[in-house]
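# Topology and contacts: notes
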Amino acid sequence: MKLLVDYHIHPGYSIDAEDYSILDYCQQAMKLGLREICFTPHLEVDPVRRRLDWFVRVNGKLHPMEDLGWLDHYFRDIEEARSQLHDRKLKIKAGLEVGYERGCEKTIEKILNNYPFDYVLGSIHCLEHQSISSWEESRIYFSSHTAEEACGEYFHVLKEAVESNLFDCIGHLDLYRRHGERLLGTTLGSAHKGMVEPILKEMARRNMGLEVNTSSLRRGLTEFHPSREILLQARECGVKIFTVGSDAHRLSDLGAYTDQAVLMLEEMGFAVYTFTSRQPCPL
């Protein structure tokens, strides 16, 4: 099966990614035979983590994230790539991955309303201001919480993210598994029961998408984010919009396992979606 789409790509703007440009990724996408890609540089808004997360990389140098001039630069890069590759069969979309933080909704909304994003992915990266996506910080967080406590907090914050109505799609919904399974054991894989269902129903009510994130396989897990069990629950709860993303932070990550994710979704009876101007469209 050919690669089709990758809707979660971190170019060099994201400081946790290798410093490859928009055009570098587009050229790699064409080599791989991808039909459509969407860039999703990080936007973090937690004021407690300002000195840790609030930076992007522009022209190889760190740039304060709150100076939104970097987004102007980002959109110019997108347009330049579209212009250079206009005769190629590659659709290039401008997205954003927002690390949701409660109480920062107005800040996020203002940014989203002032730029022409195609797709906005909402993610929970931090709990109690500690990054559960980071191995170093997750060890601190999970060492002081049980699986039930961690999932309880995670889904409480996720519920607020969904209800904020800021996002087109929720990214790597069970991200806590990334490092949590090694630290808390496999019981974390079932700790979502009773907590995720109301959130999935609310996502369905709002016509919000759910991402299948393939980065888990690169990190040694055996299932995508979210797990097959959660995907089946999503179907029962009425979620209909699904995107697929590699969460690439380097060129070699681009498109990784996305063909498997698309095939799995199709076998489950789901349609894979793309976005234009924040409007979903089945692939």
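Criteria and thresholds
Residues numbered from 1 in each chain as written. Predicted model: local features only at pLDDT ≥ 70, side-chain atom pairs only at ≥ 80, totals over all residues. Heavy atoms only, no water. 1 Å grid on protein atoms, 1.4 Å probe; cavity = no way out; pocket = protein on both sides within 12 Å on 5 of 7 lines; lining within 4 Å. Points joined across faces, edges and corners; volume = space filled by probe spheres on them. Nonpolar A, V, L, I, M, F, W, Y, C, P; charged D, E, K, R; others polar. Salt bridge = Lys/Arg side-chain N within 4 Å of Asp/Glu carboxyl O. Buried < 20%, exposed > 50% of the residue type's maximum accessible area, 1.4 Å probe, protein only. Axes fitted to C-alpha atoms, helices over the stretch in contact; angles between N-to-C directions. Helix = DSSP H or I, 4+ residues; strand = E, 2+ residues; numbered from the N terminus. Parallel < 35°, antiparallel > 145°, perpendicular 65-115°, else oblique. Left-handed = near helix turned anticlockwise from the far one by under 90°. Contact = heavy atoms within 4.5 Å. Expected span 1.5 Å × (residues − 1). Core = buried A, V, L, I, M, F, W, Y, C linked by side-chain atoms within 4.5 Å. Polar contact = N/O pair within 3.5 Å; in protein donor to acceptor, adjacent residues only side chain to side chain.

## Some points on empty space enclosed by the protein
Evaluation of the coordinates by the stated rule reveals one cavity of 30 Å³ or more. The volume enclosed by the largest cavity comes to roughly 50 Å³. For the largest cavity, the full set of lining residues is Glu44, Asp46, Arg49, Asp53, Gly99, Tyr100, Glu101, His125 and Cys126. Residue composition of the lining of the largest cavity, grouped by class: two nonpolar, two polar and five charged.

## What to know about the pattern of salt bridges
The final tally for this structure, using the stated rule, is 21 salt bridges. Measuring nitrogen to oxygen at the nearest pair gives 3.8 Å for the salt bridge that ties Asp87 to Arg88. Looking at Arg88, the relative accessible area reads 46%, which means it is partly exposed. One salt bridge connects Arg250 with Asp253, and the closest N-O pair in it is separated by 3.3 Å. Residues participating in the shared-partner salt-bridge network are Glu18, Arg218, Arg250 and Asp253.

## Looking at the packing of helix H5 (residues 135–143) against helix H7 (residues 177–184)
Across the interface, H5 lies against H7 with an axial gap of 10 Å and an inter-helix angle of 50°. As judged from the angle between their axes, H5 and H7 are oblique. Our pair here, H5 against H7, has a crossing hand that is right-handed. Judged by residue contacts, Trp135, Ser138, Arg139 and Phe142 of H5 engage His179, Gly180, Arg182, Leu183 and Leu184 from H7. For the contact of H5 with H7, a count of residues per class yields four nonpolar, three polar and two charged.

## Topic: helix H3 (residues 69–84)
The terminal C-alpha atoms of H3, which comprises 16 residues, lie 23 Å apart, in line with the 22 Å expected from a rise of 1.5 Å per residue. Burial in H3 covers these residues: Trp70, Leu71, His73, Tyr74, Phe75, Ile78 and Ala81.

## Side note on the nonpolar core
Formed by 93 residues in total, the largest nonpolar core has its most connected members in Phe39, Tyr74, Leu173, Leu200 and Met203. The element that contributes the greatest number of residues to this core is helix H6 (residues 147–163), accounting for nine residues. When residues no more than four places from it in sequence are discounted, the contact partners of Leu173 are Tyr154, Phe155, Leu158, Val196, Leu200, Met203, Leu210, Pro226 and Ile230.

## Considerations on the side chain of His145
Within the secondary structure, His145 is located in the loop between H5 and H6. Assessed through its relative accessible area of 15%, His145 is described here as buried. Polar side-chain contacts of His145 include one of 3.3 Å to the side chain of Glu128. Within polar-contact distance, the side chain of His145 engages the side chain of Ser144 at 3.1 Å. Those residues within four positions of His145 in sequence are excluded, and the remaining contacts are Glu128, Ala150 and Leu184.

## What about the layout of surface pockets?
By volume, the largest pocket is sized at about 580 Å³. Lining the largest pocket are 28 residues, and of these Asp16, His42, Ser131, Ser133 and His249 sit closest to its centre. Every element with two or more residues in the lining of the largest pocket is listed here: strand E3 (42–44), helix H2 (50–53) and H7. Quantified by volume, the second largest pocket comes out at close to 240 Å³. Listed by contribution, the elements that provide at least two residues to the lining of the second largest pocket are helix H1 (22–32), strand E4 (55–58) and H3. Per-element accounting of the lining of the second largest pocket gives the leading share, five residues, to H3. Grouping the constituent residues of the lining of the second largest pocket by class yields six nonpolar, six polar and four charged.

So, to be careful, I would describe these as geometric facts and stop short of saying anything about function.
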